[in-house]
Structure formats: C-alpha cells, structure tokens
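# Chains, contacts and geometry: an overview
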Amino acid sequence: MSVECVPRVVECLRLLATHSGEVSLSLLQHPIFLLALVGATLIFYEDMRMRAQASCLMALVVFQDMIGFSDAVEVGVTQLPSVPRLLADGLFLPFIHKTQPWVEDRGLSEEMRMVHHLLNEDVLPVQEFLGVVWGASQAGGMEQLSFDHCQDSKGPDCLLLSEKQVGWLRLSTLSLATASALRNVENATSHRDVVHNVAALSFRVQQLGLTGCWDEGFFMTHQWRGSFQRFLTAEPNSFVDEQLLIHVLECLCVCVQAHTPGLKQHQESCAPLIKLLVIELSNPSSAMHQILNKAGQTSWVACDYSVQTVQAVRLFRAAAGFVSCILSLVAKCGISSEVFGERHWEKLAAAVTTTLLPILTANNELQHYNLAVVGMALEVLLHVTLHGWPGLELSSHLVSNSIRVTLSSSLLLLHLFSQPGMDFTKDIQEASAENSMSWLVSLFVYRDPLVASCGLNVAAVMAAHTSLLHHSLTQVSGGVWAASLSYFLPEGRSCLVRTSAALLLVQLMQASPSPTSPWPSPVVADVSTGESVDGLEGLMALLQNCNFYSLVLTSLSHLNVRPVQTGVPPANQEWDLSLSCLSSFGPVDSVEEEESQGLTSIQLYEATLKLLVNLVLLSSDQVVPQLFSHGLLTLVITQLRFLLAHIKSSQPHLQAIEVTFVLLRAVLRHQPAQAATIARDTGLEHLALVVLAANLLPLASLEVLATLLAEGGWGAVRVVEWVVNCPSSILCPVIVALHASNPSHLQAAAASFLTGLTQVVLHSREASQQGLNVSLTGALDMQMLMPGGNALCPGWEICRHLIQLVCDTQPSQEPATLRILLLECLKLLLLVSQSARQAAFHLRPSLLPALAHPLQALQVKLTTVNLHISGNLLRCREVKVEVLASIQTLEVAANWVTGRNGVEDVCEALLGFLHRLWIPAQHTPSFLKALLEFFLSSTARHRCCVLFTRTTAMSGVSVSATRTRWPLLACVATLVCQQLGRLSGKTRNRSLCFQTLSRDNLDVALSVLINCARVPECVVVMNKLDMVGSSVKWLECRAALQEGVTITSRVLSLLVLLTTTKSPGQFYSSQGIGLPLYRNL
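Here we summarise the structure given alongside this text. (Residues numbered from 1 in each chain as written. Predicted model: local features only at pLDDT ≥ 70, side-chain atom pairs only at ≥ 80, totals over all residues. Heavy atoms only, no water.)

### Quick word on the overall build of the protein chain
Rules: Secondary structure counts use DSSP, requiring at least four H or I residues in a row for a helix and at least two E residues in a row for a strand, with both numbered from the N terminus. Categorising residues by exposure relies on relative accessible area from a 1.4 Å probe, with only protein chains included: less than 20% of the type maximum marks a residue as buried, more than 50% marks it as exposed, and the intermediate range marks it as partly exposed. In these tables, accessible area is a Shrake-Rupley quantity obtained with a 1.4 Å probe, and a residue counts as shielded only by the protein chains included in the view.
Of regular secondary structure, the protein chain possesses 57 helices and ten strands. A total of 1081 residues make up the protein chain; the buried ones form 50% of that total. As displayed, the protein chain offers around 49,900 Å² of accessible surface, 53% of which is attributable to carbon and sulfur atoms.

Quick look at the structure:
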C-alpha cells in the first residue's frame, strides 16, 4: 500500500471508532497504534483534513469514556461529541468543549487543571501528556495518582507512566497549588480571606509532607517572608486581629514542622522567614515577646467563660507553641553563626526565658494559677533547657519557680540539674524550705507513671550534685534508700518507674563512702547482731532484710523475650561465630501484651544490671557470693544468648549486652577461680567471641575474654582453640581495635587480650599438651584478608600496630599503663610469631629508638639524681619508673633477637647504653636478670659475640694508665669470677653469697660466657682475666661437688671451650687442669 492511502485509512478508522466502542478499544490496546497515528499526522501535517481526522480518531480512542453526547437532539442539528475543556484546549481537538459536574466526578479534579501550567513551563511530549490525562482519569484525579495504580491499570503500555514521572507530576501539581495558596495569603485584603487562604496553605503543606513529594528549596523563597512579615512584626489591635494571628501562628507551626527536614540540608543559607523569626525572638522588645507577656499574665480558671480571657489563653498557647517550633528548628538544624552572628542561641534562649519567667512567678499563687498558660510556658522552656543553657542567673530563677507537681516542670528541672558543674543546692533549699522536699515526694507518689518516673530521675540528678536527699527527705520512712527500694523491688509497679528507681540507686552508689565523705544513710538494724549499722554496712544489711537478691532474680527472669524460629541452623556450627548459630528470641507480640504486663522491659533489665555492677564495685566480698548463691550470674549469661538475637537491630538490647559484660568482668576479676567453671557451664567464651566477631561491642567483649585468659584455666584454653580454628573472625576485630585512631582504653583491652592469649600457649600445661602453641603460631603467620582488603599475616599487622602505638606513646606521657601493656603484648608476640619478628625487623628504624629511649633516660637520670651507686635502684623513687621501663625494654629486645632477625642492629643500638648501666645494674637483681637474658639471646649468634669485645668509656670506673677501656664481656666475666671466688671461700651459709648475684643470674651469666667462648676474639678477653684459673679454683673447692648440677656443669662447659680454642701465647698445664677434674670425678 502506498503512502497516499494513509489519510483515507485514518478517515475509515475514525468512522469505525465513532460508531463502535469495540473498535476503539481494540485500537487502544494495540501497542504501536498511537505512535503510528502521530507519525502519520506529522507526515501529512499540511493536510488540514488529515490533521482533523487524526485528532478526532485519537480523541475517540483515548478518551472514549470521557466523551459525552447530548441527550436531547434538535431537529436539523448534527449530534456532536463534547469533551472537557482541558482536552480541547490542550490538544486542540475539533470537539465542542463543555464543563459540567460529571467531569469533576469522573476524575478531572481541580488539580488536573494545573497541567496547563506544567505545559507552559515544560512542554510534554504528546504520548506523555496523553498518559498523564489517562492516568489521572483512571485514578480519579491527580491527588490519587500513584505508581501502583499505573502498574495495575489495564490500559495500553504506551500510556503507562513511570515512577519518576508520577512523582514529578504530584510534586509539581501540589507545589503549584501551595504556591498559589501562599500568593493568596499575601494578596488577601480582608480577615476572612486571610483565614481562608491560611487554612488552604496549611492543608497544602500537610499534603506535601504526607505524599512524600517534597520540594527542598520551596521554603527558601522570599515569598514566605513577604506573606507573613506583616503579621509577625506587629501587635494585634483588636479581638479580630487576635483571632487572625492565632490562625497565622498555627499555620506557621505546621509549615515549620513540615519543612524542618528540608531546612537541615540548607544550613549554610537560612530561609528568609526563619531568619526573620530568629531575629524577632532574640529581641526582648519585639512584638512576639510583647504578645507572650501580655497574654500570659491573664488570670483565668476553668470556670471563667469570658470570651476575652479564653481568647488571650488561646493566643498565648498559639504563640508559645510557635516559639517552641522555632527553638526546636534552630537547635536541630544547627544553623551556623555566620547567619545570625556569634552566640545567637544564647541570646535567643535568654530572651525567651526572660519573657516567660514573670509568667511562672505570677502564677505561683493559687488564686492566680493558670494551668493552661503555665503548662505551655514550661513546654517552651523545656526546649530552651534541652538544647542549650540560658545562663546561671536565669537558671537559678527557673529552679526556684519550677518546683511544682507537673510533668513539664519535672523535665525542666531534670534538664537544669543535668548541666555539668552547676550546683543549685541553695536555690532548692530556698524554694522548699517550708515543706522540706514535699514537692519531690509528691512526684514520687503521682499516679501517672510518667510523672513518677520523671520525679525519680530528678532525684537521681540531684543525688549526683548535692546531699540534700540524705538530709531533707524526711517525709519517707527510711529516707531516700528506702524510697528507692520500695519503687524498684515490687513487680506490680510500672517498668518505667522501676527503671528510674534503679537509676536513682545507681547514682546513690556511684561513690563509695570514705572518711572525708561518709554516707549519712541508711541507718539499719542488723538482724544477726541487733545493732544499728550505717553507711555501706547499713546498705548491705538493708538489702539482706528486704530479700533484695531473690527479688532481683525474679525480676530478671521475667525478661520480655520469647523464642523465635529462625530456620535451619548451619550444618557446621562446631566452630561457628555468626549470630545465626545462637538461639534467636524476640519481643512478645502486641496480641500477648495483656499477658506480658508482669514482664521486665529491656530498659529495666539494663538498669538492674547497672545496679548490680555498682554493688559489686562497692563491696565485692559480700555481693559476689550472693550473686553465685542465688544463681544470678548463670541467669544473666543464659539471657545473654537471648539478647544477642537483637544486637544488630535494637540499641537497648545492645546496651544491655554491654552492661552484662561489664558485670561479668567485675565478678570474674574478684573471683578468677570461678572463670573456668562459668565458661564450662555456660559457654561464656563463645558468646563473647560471637560479639567480638560481630564487631559491635569490641571493648566489652575483649575485656571479658582478657579476664578469662588471665585465669588460665579451661575457659582460656577454649578461647585459644577458637582463635586457632577461626583466626580471621577473631583477629581482624582485634587488629581494628589496635588502630591509632581508637581510644586508649580500647587499645589497652586489645593488648590485654593478645597478652593473655600468648601467655596461655606459653605457660599453660593444657595448651602445651594439645600443641596449641604451634597452632597459634600457624594462625598468626598464615595470610588472610585484612580489614583494609590486603592479604597479610595477622602477626605482621598486630606487630605493626603495636610498634606504631609504642612509638607514639613515650614513657613520660600519660597513660603510662597503656605503654606497659603494649610492650608486654609486643614482647610475647615476638616470642610466638615469626611474621611479627619480620615486621619488627622491617620497622626497626622506628622501634629501635623507642627501645633505646628508656635506657637513655635512665642513664641521664642516674647522673642527675643523688644516689649511692651500690644501692638497689628500685628502692629509689626518683629512678624507679625508668628502671622498670628499662627492664621491660630489655625483655622485648631479648624476645626479638631470638628470631635471628636484625640481631646485630639491636645490639648496635642498645649495647652502648647497657655498657654504661652495667655497674648500677649489678645491685638491682631484676635489672641484672633482664640485662643478662638479653645478653644470652644476643650471643646465640657468633657475629654479636664480637660486639661484646668492644671497649666503651664507662662512667664510674677510675681511669688509669693501664686500663682506660673495659669490654662488656670483661664485665660479665669479672662478675662471674668474683662470684665463684666468693663461693669457693665459703664453707657455711653459702646462701649469703647469692644476695648480690642470685643463683639464676649466675647460671645465665655462665651461659653468656659459654656462648662467647665459641668466638676466638672473646676467648682472648676471657683469657686475659684468667677465666680458666678461676674455673679451676672452683673445681678444686668442696662447693663444686654440692653445686654440680647447676653451676659446676656450666663451669665445665665453659672450661672445655676455653681450653679447646687456643689464643696466641696461651698454654695450659694438663696436670693443673686434670687434677681438679679427677678429684671431682
């Protein structure tokens, strides 16, 4: 068929569609019909008849449900179809348009007419415009248009709108309607028009928020300020003006609350209206403050039906609510000081507080008490105290005028008392001098649990800053302790009240009694002795009298959880550290809420655990046995498995797990002997490792695991087995905890965990029998994927982090304990991991100066402090810290050089300092032991033995013509010769000879000489000191027979090496050596 036939085909289709609805429906359902018709129209665009036929056919097909025919047909008049005016004008259809009520009912609502504006701003393609009209018609209007409706539509695919198009249409339509309402507010000339347009604006703004079609920059326009500035900067002059202002303020509250999310994203450029409001509220003489002041001083009671009085109260509440919205907005958005200047919040808070304080003062008298005004004023001040600080003077006035039995006043006091460093004792005493804290007791006994809970929280904050509760709370029998326990222990009370009472007890037990600050209460009669006890003993007696631990056990056992089926557990869960390997539990359903009113909430559970932690810290000797005897620890660990099911989704459960770990750590530190039993019976080590592997509570889990490892029993061995079988899941969080950006207490916990881990494999008999030392070495030296994405050995990464932390923390800096823990961990890690020793060798330019620093500091300190050179250095307080740091440094260096990596570099860096510290070290056994053990590890290599023959000027040694230099090897050999000589001359009380040089140190010194005797250069030095002669003299004495197993065997080994290696000019008599040997044999 040729192209010329297309106009005739279109005309035929138009005639068929006019007389047959089935034809129209078939054409509509065809996937490419509409696009083909538009293409044909463009080809024959010059043909006006063709354009008319195509437009008529399109209208008949697409809008057949909307085409209407006149019921009455006049004679001689052709019956023509008519369509809504929107279609005729928008598509230029050749139909008669009419607008009748049925059009609105069929879906073309008022918002549909906004499509005209959309077309003017951005011309839509024909198919998209047809889709808009089709979708709006089927949905019943633009307001009901949604993507779900378009998906469920049975229309052709070519007319379906995408989700993006639907969202853009709804946003544009509603934004246009809102902008129109805002313009109408600005252009309104009468009170009635303003009220009508303000209500419409409020409705449109809420519509925008509910539909989710949000225009972030819409509230940033200057039109908002232009529309409302005239209402906010002038006081109302008449009753009608007050009514109008109430409507305006309520509308602005709705707008500000709805636009707060968008304003948070434009902090650098504040909205003009918000800027105007903040400036007005920061000025105490502005119109808004005058309205608050005038309307708030109106005397009103419930029986007063005066229209003017009720109107004033309504105006005050509307203005106060509007101020609360602005305060909340400014605090949440964090508007920079560049917009309003420095200290803009302080100015705003001070102005609002100054305006509202007289209202509180005037309503203190009962005959003028205006509950509606006072309640709203307190709500405004709540926003001030919650987000900032109005100043000390204004806060003191607030405390004096807020002591009343209401929820808002209690919250206000709670905010004020929570300010750090503030003491309101004097203000509280002045405000409650006559009734002696009766206002606080009234809050306790209030029937509303929310008010009673808030009163207990106020008491808790007061207990942290003042001792008034112990002396002034005389209305309650037993004082504040009895009141707290009476609200905490009974199960019939609300969980909210019991939680607040538990937190009050926690605050009361925050600091233990001391001679300077004793506890004035409680004073309790001891049942066993019949005597009155007070302070901490009184508290323990009070807990015993009220059956505290049994009631706490009952409360904790009613935790609000129930089992939940989570599917089939993994096949291999023997070494599984995922959360799915545990039994899952969940909160009760809302259907079971009536049956669960006696259950314990998670917040009460956490507060109870905090209370137990404080009790353990106060008196562990009395509390810990009670926890074991009542089964509290077993219950807590059992429920820990329940809580782990929600550790990733619930913040309260996460906090409860953290407090549980704190309690377990405190108990296990007091009774470490119970750690193995608890771990074996409850699987505590598995639960802690699961939390650590989840990387959610690294500090708490590492502290519990470190406590288990420090005990060294069954639980410690089990932890090592888990590390060996799941190294990546456990060691990766530990490596992350050692990062330099983490807090020091987390780094210390990770170091303690690694220290305990290595100590178990090195010293535990059970670990040695199972070969866990070799397994742990393999786990540390096996490459795995690190948190950074690189495949590295854990030993390398751990050592790298430890060295970085040691280099960043000098011995003189605080906290010194962290450096000690890091060095202890590094010392043991270098002993068990080859990759760690390689990392130390790689980082030796940083590590060696850090190790040499304590030795250098000790050397400098010895030259500046007046002490006797022959005294024990640890008994001198001036150098004790440096000596201990030097000992730890030598232990780290000794373990490092056992790996044969960088031994020469270590000796080169440290021997110079050790040479100068030799003489003072001889009289400090622990220092001498560390020094000799480092010598022993270093001399295992022949090259390092030569370094001991170097001569270095020594401080403390007299300079003479015959001896100006003294090798370090000569120092050790001389020490051994002198000790052997002392032992040879003693026949009785030989133990006195080991006071200066102990038996173990002598054995290590002999081992050092044996290592050096393999090198000819060292033999020359020892021969000059007649080491052979001293050894022979030792063999000749009777003491050699008694010390044959320890000392004599070492001497014989040394003598063999010295006589085997001949130095020039040295000869030994076989008779002089052989005779003593023969005698001993």
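### What to know about helix H34 (residues 675–682)
Short version of the rule: When we speak of the arc, we mean the arc of directions from the helix axis to the C-beta atoms. What makes two residues a contact is simply this: any of their non-hydrogen atoms within 4.5 Å.
Of all the residues in H34, the buried ones are Ala675, Ala676, Ile678, Ala679 and Thr682. All buried residues of H34 project into a common sector of 165° when viewed along the axis, lining one side. Buried residues belonging to H34 abut helix H31 (620–629), helix H32 (632–643), helix H33 (651–670), helix H35 (684–694), helix H36 (698–711) and helix H37 (714–725). Downstream of H34 by a residue or two, Gly683 has a phi angle that is positive, lying close to 70°.

### With respect to the environment of Tyr549
With respect to the element layout, Tyr549 can be found in helix H29 (residues 548–557). A sequence separation of 77 residues divides Tyr549 from Gln626, and the C-alpha atoms of the two residues are 7.3 Å apart. Residues contacting Tyr549, with those up to four places away along its chain left out, are Leu543, Val623, Gln626, Leu627, His630 and Leu632.

### Regarding the side chain of Ser701
Tracing the backbone shows Ser701 in helix H36. Sequence-distant contacts of Ser701, that is, excluding residues within four places in its chain, are made with Phe661, Ala688, Val691 and Leu692.

### Focus on the packing of H37 against helix H39 (residues 744–763)
Definition in use: Each axis is a line fitted through C-alpha atoms, taken for helices only over the stretch in contact, and angles between the N-to-C directions span 0 to 180 degrees. Just so you know how the angles are binned, under 35 degrees is roughly parallel, over 145 roughly antiparallel, 65 to 115 roughly perpendicular, and the rest oblique. Residues are grouped as follows: Ala, Val, Leu, Ile, Met, Phe, Trp, Tyr, Cys and Pro are nonpolar; Asp, Glu, Lys and Arg are charged; all remaining types, including Gly, are polar.
Viewed as axis vectors pointing N to C, H37 and H39 meet at an angle of 100°, and their least axial separation amounts to 10 Å. Taken as axis vectors, H37 and H39 run roughly perpendicular relative to one another. On the side of H37, the interface is formed by Ala716, Val717, Val719, Val720 and Val723, while H39 contributes Phe753, Leu757, Val760 and Val761. Partitioning the contact of H37 with H39 into residue classes produces nine nonpolar, no polar and no charged.

### Considerations on the environment of Ile637
Relative to the helices and strands, Ile637 is located in helix H32. For the pair formed by Ile637 and Leu664, sequence separation is 27 residues and the distance between their alpha carbons is 8.6 Å. Those residues within four positions of Ile637 in sequence are excluded, and the remaining contacts are Leu664, Ile678, Thr682, Leu684 and Leu687.

### Comments concerning the state of the cysteines
Going by this rule: Our working definition of a disulfide is a cysteine sulfur pair at a distance within 2.5 Å.
If you walk through the whole model with that rule in mind, you get zero disulfides. The thiol sulfur of Cys799 is not disulfide-bonded, and the nearest other cysteine sulfur, from Cys825, lies at 9.2 Å. Given a relative accessible area of 1%, Cys825 falls into the buried group.

### Description of the packing of aromatic side chains
Put simply, the rule reads: For Phe, Tyr and Trp, rings pair up if their centres lie within 6.5 Å, where Trp contributes its six-membered ring, and each pair is then called stacked (planes under 30 degrees apart), edge-to-face (over 60) or tilted (otherwise).
Under the criterion given, the structure shown has seven aromatic pairs. Ring geometry for Trp224 against Phe228: centres 6.2 Å apart, planes inclined by 15°, an arrangement best described as stacked. Placement of both Trp224 and Phe228 in helix H12 (residues 223–232) is noted, with a separation of four residues, approximately one turn of the helix. Classification of Trp224 by relative accessible area gives buried; the value is 0%. Judged by relative accessible area, Phe228 falls into the buried class, the value being 0%. Between Phe488 and Phe548 the ring centres are 6.3 Å apart and the planes differ by 35°, which places this aromatic pair in the tilted class. A residue pair is termed long-range when its members are at least 10 positions apart, and Phe488 in helix H26 (residues 479–488) and Phe548 in helix H29 qualify at 60 residues. Here the two residues Phe488 and Phe548 agree in accessibility, since each one is buried.

### Points about unusual backbone geometry
Unusually for a residue other than glycine, Asn695 sits at a positive phi of about 60°. Phi is positive for Asp1026, which is not a glycine, with a value near 55°. Accessibility expressed as a relative area gives 44% for Asp1026, which makes it partly exposed.

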